[in-house]
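Observations on the model geometry
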Protein chains: 2
Amino acid sequence: MNNITLKQLAHQLGLSVSTVSRALTDSYEINIETKKRVQKLAKELNYQPNPFASFLRKHKSKTIALIIPEISNNFFSLVIKGVESICQEKDYYVLIYESHENFAKEVRITNHLIGGRVDGVLISVSAETQQTDHLKTLIERKINLVMFDRVIEDMNVVKVASNDFESSLEATEHLIKRGCKKILFLKAGENLSTMQNRLKGYQAALKKYNIDFNDSLVRTFNPSEELNLNELEDIIQNIKPDAIFCTVENLAIACYDVCQKVNIKIPDEIKIITFSNLKVARHLNPSLSTISQPAFEIGQTIANLLIDQIEEKETEQMKDITISSTLIKRDSTK
Amino acid sequence: MNNITLKQLAHQLGLSVSTVSRALTDSYEINIETKKRVQKLAKELNYQPNPFASFLRKHKSKTIALIIPEISNNFFSLVIKGVESICQEKDYYVLIYESHENFAKEVRITNHLIGGRVDGVLISVSAETQQTDHLKTLIERKINLVMFDRVIEDMNVVKVASNDFESSLEATEHLIKRGCKKILFLKAGENLSTMQNRLKGYQAALKKYNIDFNDSLVRTFNPSEELNLNELEDIIQNIKPDAIFCTVENLAIACYDVCQKVNIKIPDEIKIITFSNLKVARHLNPSLSTISQPAFEIGQTIANLLIDQIEEKETEQMKDITISSTLIKRDSTK
DNA sequence: GTGAAAGCGCTAACAA
DNA sequence: TTGTTAGCGCTTTCAC
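The shown structure was predicted, so the numbers you read here are calculated from the model rather than taken from an experiment.

Quick notes on the protein's contact with DNA strand C
Close contacts around DNA strand C come from 25 residues, with A:Leu6, A:Tyr47, A:Arg57, B:Thr19 and B:Arg57 the closest. Near-protein atoms of DNA strand C (within 4 Å) split between backbone and bases, with sugar and phosphate holding 60%. With respect to DNA strand C, the side chain of A:Ser21 contributes an N or O atom lying 2.8 Å from a phosphate oxygen. Between B:Thr19 and DNA strand C, the recorded distance is 2.5 Å, taken from a side-chain N or O atom to a phosphate oxygen. Elements represented by at least two residues in the surface near DNA strand C include exactly helix H2 (17–24) and helix H4 (51–58) of chain A together with helix H2 (17–24) and helix H4 (51–58) of chain B. With 4 residues, H2(A) is the largest single contributor of residues to the surface near DNA strand C. When grouped by side-chain class, the residues that make up the surface near DNA strand C number 8 nonpolar, 12 polar and 5 charged.

Right under this line is the structure:
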């Protein structure tokens, strides 16, 4: 890197480094004429300050980390987009990390970050995450933390989640109203808060309609492993449910695969509904009923909250924020 | 940030800062015993070096930028995944920037980067980009550059692209063999290299089968704007093509929307094929024929190339690398 | 094998 | 209004 430095500018202008620095940060205590001279030359030479020098000095990196389980996922990629939009506006950098649903990787990432690499962290934990020591370490090191979507209750930080209980209840109710009684519930991961809440919503709906809850209708797939289609096929063939409630998009797509393979007609023989942000859900065969989380808004919200924390504009932030999802009924539950 | 510093470690151990530093970088000139002592304490206190201090010192940030037009796009999000996988392995940071298909934004981003923020840049240019001054500035400042997918011919850098000409020819040929003669070609953006090559492939296929090329069958949509469905509907209604070749996924989905709305049957009345990395293409109604780029591999390739450049392992890199796409024939072209 | 000291480029307290 | 100086935390040359 052959960059122009403050020193070089100062030399060319016959000024001191500090004057140049102040002129460029538009300090009010600098003569307007010198300010102009400095800014003119800086522009001419396309001066760009070395960010590391100033980060080192100020202990602020204007960088945040976004830790997500998976990038190529419609929900999370929209979250990224939302986060980006705010950070670009507020002049923050975003480092994106994938935990690949792996706890060890998540710990490695957060450990990496405590060196002061970032001013704050946005995280949606991996499916394996149960302990929170690594997150607490971040806080001890005074790194701001905001959790989203997959949050952990006992963490005393700002948490942004969806109204999973309510939307799950609504979706299950929708299935029940369409005549379904034997609804297979497919979970992704054992311990995630989102999954727990979605399951509770499902159970509440059953209760409301006096349908007994049946343990064996709840099945879990481990999102850190390749999805096993044969296993899913066995489950569907054995249980013969009249509907499947999928907690994540991948599971719904897998169900479509299985139904196509073993020739089960959706929605006549089986109805399918899923949490998903798939844009083409309306064009699937049959079009897929979804519960859509407002991913972009979630991204914007968490970025704003985190930056406010970093800049200590703490206007008494609420600790638990809920953003509502939308149920879209399509042909797969007709 | 209350971080443990080298100085604190040195103090606790009764050693000098430089010895500690050397012990931690595993320098051979340090007594094995002291090395162990130092490393033990560092681990106990969970010491993490301040990256900015070392970046400043070494003029290497171990950070690269990935500039793409759009994040929530199946192709680019898979590229990100590929880049991430290599960078995680080689211990590099990735900063992701979206140009939103906007030239001015792209220039702002690259300008931001010449401060030494990153050691290298991976870029797929915006649809508006025609000039290359901003990219040349990067090179002047000794920042390594690798272009991918949407490359610019006259740049003397490593470029990784798909075999757009060949796959486009193949796809068009496929349509022709299925009896199509009036194939609407939908471009995204006026000047992109990828679009030009795809168009040439289309034209070559027509020529091969002695079909006259008709200018008015080539239409362009501006990807930086919201796609105008009414305009697309008018085009389809007026031209009445027997097939549509879409250069990007969004256009294909829009075509599905229009066909559904005005009740044109795919594939009986019109066939549709598109470049796309949509995972659920096989479940669309009808299932969508696609040309799939190996996005993950492209991501891995460009990350490896860039890091090799940065670390000056320049084993005479080829300047132009082509990675083949795959044509998958499905019902939309039956 | 270890320590002292300089310096990466910047900011900010203090001086003038 | 401008300049001098110290120092952020680290690496590295030179000295011992």
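Quick look at the interface of chain A and chain B
Facing the 62 residues of chain A at the interface are 62 residues of chain B. Carbon and sulfur atoms supply 52% of the area that chain A and chain B bury against each other, a total of about 5700 Å² over both sides. Our count for the contact surface shared by chain A and chain B stands at 6 salt bridges. The partner of A:Glu70 in a salt bridge is B:Lys81, and the shortest N-O contact between them spans 2.1 Å. Linking chain A with chain B are 26 residue pairs in polar contact (both at pLDDT 80 or more). Where the side of chain A that touches chain B is concerned, the elements lending two or more residues are H4, helix H5 (74–90), strand E2 (93–98), helix H6 (103–113), helix H7 (133–140) and helix H11 (249–262) of chain A. Per-element accounting of the side of chain A that touches chain B gives the leading share, 7 residues, to H5(A). Partitioned by chemical class, the residues of the side of chain A that touches chain B number 26 nonpolar, 22 polar and 14 charged.

So, the packing of helix H1 (residues 6–13) of chain B against H2(B)
Residues and elements named next belong to chain B. The contact between H1 and H2 brings their axes to 8 Å, and the two run at 105 degrees. Classed by the angle they form, the pair H1 and H2 counts as roughly perpendicular. Each of Leu-6, Lys-7, Leu-9, Ala-10 and Leu-13 in H1 lies in contact with H2, whose residues at this interface are Val-17, Val-20, Ser-21 and Leu-24. Here the contact of H1 with H2 is composed, by residue class, of 7 nonpolar, 1 polar and 1 charged.

Focus: the UniProt feature "domain: HTH lacI-type" (unreviewed entry) in chain A
Mapped onto this numbering, the UniProt entry annotates "domain: HTH lacI-type" (unreviewed entry) at residues 4–58 of chain A. This span, residues 4–58 of chain A, is 67% helix and 0% strand, and a straight line between its end C-alpha atoms measures 21 Å.

Describing the domain arrangement of chain A
Interface size is commonly expressed as the accessible surface area that is lost when the partners come together. Residues and elements named next belong to chain A. Domain assignment breaks chain A into domain 1 (6–49), domain 2 (58–161 + 295–323) and domain 3 (164–293 + 327–333). For domain 2 versus domain 3, the distance between C-alpha centres works out to 29 Å. Taken together, the contact pairs 16 residues of domain 2 with 12 residues of domain 3. In total, domain 2 and domain 3 occlude about 1200 Å² of area from one another, counting both sides; carbon and sulfur atoms represent 50% of this. Here the side of domain 2 that touches domain 3 takes 3 residues from H5, the largest share from any one element. Considering only residue class, the side of domain 2 that touches domain 3 consists of 7 nonpolar, 4 polar and 5 charged.

Observations regarding the pairing of strand E9 (residues 271–275) of chain A
Residue and element names in this part refer to chain A. The buried count for E9 comes to 5 of 5 residues, which makes it a mostly enclosed element. Burial along E9 is two-sided: Lys-271, Ile-273 and Phe-275 facing one way and Ile-272 and Thr-274 facing the other are all buried. Strand direction decides the pairing type here: strand E8 (residues 243–246) and E9, joined by 4 bridges, are parallel. Its bridge partner being in E9, Ala-243 is matched across the sheet by Lys-271. Handedness of the crossover joining E8 and E9 through H11 is recorded here as right-handed. Sheet topology note: the E9/strand E10 (residues 289–292) ladder contains 3 bridges and is parallel. Looking across to E10, one finds that Ile-273 is bridged to Ser-289.

A short note on the sheet that holds E8(A)
All names here are of chain A. Within the open sheet, the 6 strands sit side by side as E7-E6-E8-E9-E10-E12. Their pairing is mixed. Unpaired on one side and paired on the other, strand E7 (218–221) and strand E12 (326–328) mark the two borders of the sheet. Strand-to-strand twist of the sheet, defined as the mean angle between neighbouring strand axes without regard to direction, takes the value 15 degrees. Here E10 runs beside E12; their pairing, made up of 3 bridges, is antiparallel.

Points about the relation of the copies chain A and chain B
Rotating chain A by 180 degrees and translating it 0.0 Å along the rotation axis places it on chain B, where the RMSD comes to 0.1 Å. On the angle and the small slide along the axis, the relation comes out as a two-fold axis.

As for the sheet that holds strand E8 (residues 243–246) of chain B
Residue and element names in this part refer to chain B. Spatial strand order, E7-E6-E8-E9-E10-E12: 6 strands in an open sheet with mixed pairing. Only two strands of the sheet have a single neighbouring strand rather than two, namely strand E7 (218–221) and strand E12 (326–328). Between one strand and the next, the sheet's axes are offset by a mean angle of 15 degrees, whatever the strand orientation. Against the sheet, helix H8 (residues 164–177) engages strand E6 (183–188), E8, strand E9 (271–275), strand E10 (289–292) and E12, with an angle of about 170 degrees to E9. Along the sheet face, helix H9 (residues 193–208) touches E6, E7 and E9 and points at about 170 degrees away from the line of E6.

Basis of the calculations
Residues numbered from 1 in each chain as written. Chains lettered and ligands numbered in written order. Predicted model: local features only at pLDDT ≥ 70, side-chain atom pairs only at ≥ 80, totals over all residues. Heavy atoms only, no water. Near = heavy atom within 4 Å. Polar contact = N/O pair within 3.5 Å; in protein donor to acceptor, adjacent residues only side chain to side chain. Helix = DSSP H or I, 4+ residues; strand = E, 2+ residues; numbered from the N terminus. Nonpolar A, V, L, I, M, F, W, Y, C, P; charged D, E, K, R; others polar. Contact = heavy atoms within 4.5 Å. Buried area = accessible area lost by both parts, 1.4 Å probe. Salt bridge = Lys/Arg side-chain N within 4 Å of Asp/Glu carboxyl O. Axes fitted to C-alpha atoms, helices over the stretch in contact; angles between N-to-C directions. Parallel < 35°, antiparallel > 145°, perpendicular 65-115°, else oblique. UniProt positions renumbered as here; feature names shortened; annotations may be inferred. Domains from an automatic or database assignment. Buried < 20%, exposed > 50% of the residue type's maximum accessible area, 1.4 Å probe, protein only. Pairing = 2+ DSSP bridges. Right-handed = clockwise from strand over helix to strand, strands pointing away. Least-squares fit on C-alpha atoms with pLDDT ≥ 70 in both.

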